[in-house]
Amino acid sequence: MSAIAELVWNALDANATYVKVELDRTLAGAVDRIIVTDNGEGITPSQARESFREYGDTWKARRTHTAGHHRILHGQNGEGRLYALALGDHLTWSSVSRVDGRNVRTRITGSRKRPTVWNIDDPAETSDSTGTTVTITVPQGKRLRALESAEAPDNLAARLAFYLKAYSGIKVEYDGVILNPENIIQDVVDLRLDLPSEYVSESPPIVTFVEWKTRITDRKMLICNSEGIALAEYGEDWSDAVVSFTPYLRWRGFSDMSAEDIHMLPMTHAVLLHAAEQSIRKHVSRRRAEISSQVVEQLKTEGLYPYDTTETSPTQMVERQTFDLVVTVARTALPPRGAPRQLSVNLIQAALERDPTDLHSILDRVLSLSPQERAHLGRLIQDTQLSSIISAANTIVDRLNFIGGLRKLLADPQLRRELREVDQLHPMIAKNLWLFGEEWTLARTEVGLTSVLREHLGHLGQDVELESELERVTRGDGRSGRVDILLYRGIGDERQNERLILELKRPTVKVGREELEQVKSYARAIVEDPQYRGVQCKWKFVLATYDYNDSIKRDIRQKDKPPGLADDQEEYGVWVATWGEILDAAERKLSFFRKQLEYEATDERVTRYLRESYQEFIPDSLQQQSSGDLD
């Protein structure tokens, strides 16, 4: 679109009053030629030789107004023809101008293969009227989505808006549509800037904030003279999911600047640019709040707003704020009335209640959002703090449900007997290592440990297997056998490493003196191995069991030591913990969040959670029981 705009500006700079952009299509509907025609004063042979000699040369560089001082000149950089190379492979200018009382035609051709070489034919006298036709051949297979989209005329109109408003006698046609900025302008507001004294004058810089009725995709801030004629673009696109706008920074001081001066604005007028950006951000924030308030009030009036506004729960408030943002972005895509409108609102609310990422499938399947609107909304959901808070709340609820679910499995004698360690208990614990410390949530199996652990595994007896070798432990019926499992994880950086060695004992084993001494000897053997001796590393060995006997009570209840710590050395610590203690400690850490969420992990909830999230890991009797309950 920038290339098309440059070609239109060239025509307007030649005093054209009518510019027509045509997209010629094949029978299959593909664009194969772009033709830009104008009724301007044309390119004289001398202008052609000067302007096409090399990049950056243009007859406009020494002037500020068009011939006859009719209008403000737009281009002064000699870049238009290179922009056009973005559209196709072969370019032709056929231009008629008035020279010495007669009309002459000048033909200029160029190719993408040799972008700095231009062929200029000898001028020929003609009876045709003055004007220029630019023909660009589009290669087969080249996609020009931006030019063919329904928004293309509006995007071009936004670039030309103040020029077309300033010079009412001009008409620009794009692919059969006459551009009229008034048709797409929602509102125009002049924003005052907070500037130092050197900018204060009778005509200080202002930002004219133009809000559009439709989605405008090209929205860089435009540097303009005091009349609002765009001289250059500045910065990145202003992207907002709710407000569609273009900011025009207008100042008399820009009028006399050369092209080089304009390019140097970030260095020479950084304070001005920063003030403009700050003013734009504040106004966008105000408009977003106003539009959102209007949308929400409309839903309340219709009886479709799904929240109780008197609810003071932090999670509910966060979810409600996110809902308000989402329906505001999707307001134009919501069905206008009736059951479809209510269904769409309810689906958005249901997705936010569980997982904001579910919104994408709902927006794709239910609401007819454009790709640009979906992209804006996707960024909003990803970037906003609100979605992070909702996701965090869901994480807390999942953890509370997992604690309750594991309690249920271990407390019920029948379920405990049915629970298999290798293919049921182990994978569930491996997915929830936060039980042993939040730092282990993202830890991964440390592959380098495998050989060392295998070498010293004999200290733990015959029925202990490494996590990485579980696939070989099977029973005659093909199901995994009952063994003790060694999980191992590592985290750290170049300064310090930590390693967690977790032995999961079968629920049928009651840990005593023999098992504890085995783990101690195993720990010592590992840390004294030549590969790890003297290495800056802290090891944590945890013996996790359903129960233990009285023979080790004094070992794990020592004075001035945390409960469960049986061997405390500089390099390592050996801990014994029952699942009851582990789950109780984890639940206490979550108690504050549970109170804020006002959530109770009831038996029905944890059973449903286990069935939905860990169906392949729970005993058959629990699957059948929960299935019957749900039915």
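Anything mentioned here points back to the structure above.
1. Points about helix H1 (residues 2-13)
- An ideal rise of 1.5 Å per residue puts 16 Å on 12 residues; H1 measures up with 16 Å between its terminal C-alpha atoms.
- Counting buried residues in H1 gives 10 out of 12 residues, a clear majority hidden from the surface.
- Residues Ala 3, Ile 4, Ala 5, Glu 6, Leu 7, Val 8, Trp 9, Ala 11, Leu 12 and Asp 13 constitute the buried set of H1.
- Just downstream of H1, Asn 15 is the residue with a positive phi angle, here 65 degrees.

2. As for the packing of aromatic side chains
- Applying the stated criterion to the full structure yields 19 aromatic pairs.
- Ring plane angle 15 degrees and centroid distance 4.7 Å describe the contact between Phe 209 and Phe 245, whose orientation is recorded as stacked. Remark: Phe 245 occurs in strand S14 (residues 245-250) and Phe 209 occurs in strand S11 (residues 206-212); sequence separation between them is 36 residues. Taken individually, Phe 209 and Phe 245 each receive the classification buried, so the pair is uniform in this respect.
- Residues Tyr 307 and Phe 323 carry aromatic rings whose centres are separated by 5.3 Å and whose planes lie at 65 degrees to one another, so their mutual orientation is edge-to-face. Here the residue Tyr 307 occupies a position in the loop between helix H8 (270-302) and helix H9 (314-329), and Phe 323 occupies one in helix H9, the gap between them amounting to 16 residues. Note on accessibility: Tyr 307 and Phe 323 belong to one class, buried.
- Put simply, the rings of Phe 402, Trp 434, Tyr 609, Tyr 614 and Phe 617 touch in pairs and so form one group of aromatic residues.

3. Thoughts on the sheet that holds strand S12 (residues 221-224)
- Reading across the sheet, the five strands line up as S10-S11-S14-S12-S13 and stay open at both edges, with mixed pairing between neighbours. The outermost strands of the open sheet, each flanked by one partner alone, are strand S10 (185-192) and strand S13 (230-234). Put simply, the sheet's adjacent strands are angled 25 degrees from each other on average, direction ignored.
- In the sheet, S11 pairs with S14 via six bridges, with the strands oriented antiparallel. Looking at S14, one finds that Thr 208 is bridged to Tyr 248.
- Contacts between helix H5 (residues 152-166) and the sheet are confined to S10, S11, S12, S13 and S14, with S14 contributing the most and set at about 55 degrees to the helix.

4. Some details on the pairing of strand S5 (residues 114-120)
- Alignment of strand S4 (residues 102-111) against S5, held across four bridges, turns out to be antiparallel. Opposite Ile 108, over in S5, you have Ile 120 as the bridge partner.

5. A word on the side chain of Gln 349
- On the secondary structure map, Gln 349 appears in helix H10 (residues 338-354).
- Gln 349 has contacts with Pro 306, Tyr 307, Glu 319 and Phe 323, leaving out every residue within four places of it along the chain.

6. Describing the pattern of salt bridges
- This model, assessed by the stated rule, comprises 30 salt bridges.
- A salt bridge links Asp 603 to Lys 408; the nearest nitrogen and oxygen atoms lie 2.8 Å apart. Of this pair, Asp 603 sits in helix H21 (residues 603-613) while Lys 408 sits in helix H13 (residues 385-411), and the two are 195 residues apart along the sequence.
- With relative accessibility at 46%, the residue Asp 603 sits in the partly exposed group.

7. Notes on the side chain of Thr 328
- Within the secondary structure layout, Thr 328 lies in helix H9.
- With residues up to four places along the chain from it excluded, the contact list for Thr 328 reads Val 242, Ile 291, Ser 292 and Val 295.

8. Section: the packing of H1 against H5
- Between H1 and H5, whose axes approach to 10 Å, the crossing angle comes to 30 degrees. In terms of their interaxial angle, H1 and H5 are classed as roughly parallel. Pair H1 / H5 crosses with right-handed handedness. Each of Ser 2, Ile 4, Ala 5, Val 8, Trp 9 and Leu 12 in H1 lies in contact with H5, whose residues at this interface are Leu 156, Arg 159, Leu 160 and Tyr 163.

Conventions adopted
Residues numbered from 1 in each chain as written. Predicted model: local features only at pLDDT ≥ 70, side-chain atom pairs only at ≥ 80, totals over all residues. Heavy atoms only, no water. Helix = DSSP H or I, 4+ residues; strand = E, 2+ residues; numbered from the N terminus. Expected span 1.5 Å × (residues − 1). Buried < 20%, exposed > 50% of the residue type's maximum accessible area, 1.4 Å probe, protein only. Phe/Tyr/Trp six-rings, centres within 6.5 Å; stacked < 30°, edge-to-face > 60°. Pairing = 2+ DSSP bridges. Axes fitted to C-alpha atoms, helices over the stretch in contact; angles between N-to-C directions. Contact = heavy atoms within 4.5 Å. Salt bridge = Lys/Arg side-chain N within 4 Å of Asp/Glu carboxyl O. Parallel < 35°, antiparallel > 145°, perpendicular 65-115°, else oblique. Left-handed = near helix turned anticlockwise from the far one by under 90°.

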